[in-house]
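Survey of secondary and tertiary structure
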Amino acid sequence: MSFISMEFLLFLAGAILGYYLIPKRFQWVWLLMFSCVFYLCAGLQAVCFLLTTAMTTFAAGLWIKQREDAVKKRLALLPAGAPKEDKKALKERCRRQKCLIVAGTLLVNFGILGALKYMNFAIDNLNALLGLDLSRVSLLLPLGISFYTFQSMGYLLDVYNGKYAPERNPARFALFVSFFPQLIQGPIGRYDRMKEQFETGGAPVNVEKSALLMLWGLFKKMVIADRALPLVSAVFSENAGEWGGAVTVLGVLAYSLQQYCDFSGGIDLVAGIAELFGIRLAENFKRPYFAVSLGDFWRRWHISLGAWMRDYVFYPFALCKPVARLSKGAKKVFGASFARALPAALGNLLVFLLVGVWHGATSNYILWGLYNGV
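Treat the numbers as computed from the prediction; the structure is a model and nothing was measured.

1. Structural notes on empty space enclosed by the protein
Throughout the structure, instances matching the rule amount to two cavities of 30 Å³ or more. By volume, the largest cavity amounts to about 60 Å³. Taken together, W28, E167, R172, L175, F176, Y191, K195, F198 and E199 make up the lining of the largest cavity. Secondary structure elements with two or more residues in the lining of the largest cavity: α6 (170–178) and α7 (191–200). Among the elements that take part in the lining of the largest cavity, α7 stands out by supplying four residues, more than any other. Taken together, the residues that form the lining of the largest cavity break down as five nonpolar, no polar and four charged. Computed from the structure, the second largest cavity encloses a volume of approximately 40 Å³. Lining the second largest cavity, in full, are F147, Y148, Q151, V177, Q182, L183 and P187. Ranked by residue count, the leading element in the lining of the second largest cavity is helix α5 (residues 145–160), at three residues.

Written as structure tokens, this is what we have:
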């Protein structure tokens, strides 16, 4: 069901009408119902993957909490003069159990995402490198799988780090995973920010702001991005050599404009739809082409993905013990300045490698990501 279709407009009208007719305490249930209907339109197979992510993440969050509570009880039962080593052993055992829970859940969900999105890429490379003749597989990529997987794994890691308690209502958690306006294009939401809005019914609705956001998004997508696409397609086609240098440069610039207006226009449309329900989504673009440096550009472009990578990849990697030992060893050989920069540099390369993989299962995206990291 496309956001730019008569079917979706009728769907949205029904969702808004019912949302404001029912009691406020049931509004989140109404949103969940319509999110389920929206996703069912993508096919039953897609729903199975969404449910797998929602159920495994929800269960893992509760399991982590259960292990923490069990250790607290055991610590409380220890005699007053119990050795400190016993307490440390209990806490270490709990930490390891929690790590196993998180690692298993991450493996299942990112494994599903990787298998569905990158299986054929892996087959093509195996065939090329090893001279095999493996057949490509026909896989249907579920709607919004990258967005809801990253969003759910962010929730899990926040629970593990003790940022907030896990959700105990599976239906409320399912709404966080499947909220239909943000399902296709993001942004990648944070649970603590979304939970409060779903529970309270969100902020007072500003219909004028919502309408302007949606119209601006449609203008960027349909008037700018769609009009730039023919030039981009021609310049990047197999017959690209037929064009002169000036046209090629124009096509490359048009590609940048088309990418920005298509993606940011979609986000504006999504944000406007969410605003109609009083839900304010995270900002995802902040005038990126007005950036003053490449680093500044990436802080303004796809902000929710950049923040996810920063919080759950960059800092955990750059501050982990193996990288700290590597930095300490590098200090003896290359000096203090190099050693201080090394963790951030390696973290940057890892983040942009993953950003490249996120954007597509082809070698050019991986090289593009590494290029930006360098």
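That was the structure; now back to the text.
2. What about a positive patch on the surface?
There is a patch of like positive charges on the surface, built from K84, K87, K88 and K91. Along the polypeptide, K91 turns up in helix α4 (residues 84–130).

3. With respect to the pattern of salt bridges
Tallied over the entire structure, the rule returns 15 salt bridges. Across the pair R190 and D311 runs a salt bridge, and its minimum N-O distance is 3.0 Å. With R190 in the loop between α6 and α7 and D311 in helix α11 (residues 303–318), this pair connects stretches of sequence that are 121 residues apart. Each of E92, R95 and R96 takes part in a single network of salt bridges with overlapping partners.

4. A look at the nonpolar core
With 62 residues, the main nonpolar core has F179, F180 and F277 as its most contacted residues. Top element by residues in this core is α5. It accounts for nine residues. When neighbours within four sequence positions are excluded, F179 is seen to be in contact with L31, S35, M194, F198, A274, I279 and L281. By size, the runner-up hydrophobic cluster in this structure holds 10 residues, among which are A225, C261, I267 and W298.

Parameters and conventions
- Residues numbered from 1 in each chain as written.
- Predicted model: local features only at pLDDT ≥ 70, side-chain atom pairs only at ≥ 80, totals over all residues.
- Heavy atoms only, no water.
- 1 Å grid on protein atoms, 1.4 Å probe; cavity = no way out; pocket = protein on both sides within 12 Å on 5 of 7 lines; lining within 4 Å.
- Points joined across faces, edges and corners; volume = space filled by probe spheres on them.
- Helix = DSSP H or I, 4+ residues; strand = E, 2+ residues; numbered from the N terminus.
- Nonpolar A, V, L, I, M, F, W, Y, C, P; charged D, E, K, R; others polar.
- Patch = residues over 30% accessible without salt bridge, like charges linked within 9 Å, V, L, I, M, F, W, Y side chains within 5 Å.
- Areas by Shrake-Rupley, 256 points an atom, 1.4 Å probe, with all protein chains shown as cover.
- Salt bridge = Lys/Arg side-chain N within 4 Å of Asp/Glu carboxyl O.
- Lys, Arg positive; Asp, Glu negative; His and termini not counted.
- Charge placed at Lys NZ, Arg CZ, Asp CG, Glu CD.
- Core = buried A, V, L, I, M, F, W, Y, C linked by side-chain atoms within 4.5 Å.
- Buried < 20%, exposed > 50% of the residue type's maximum accessible area, 1.4 Å probe, protein only.
- Contact = heavy atoms within 4.5 Å.

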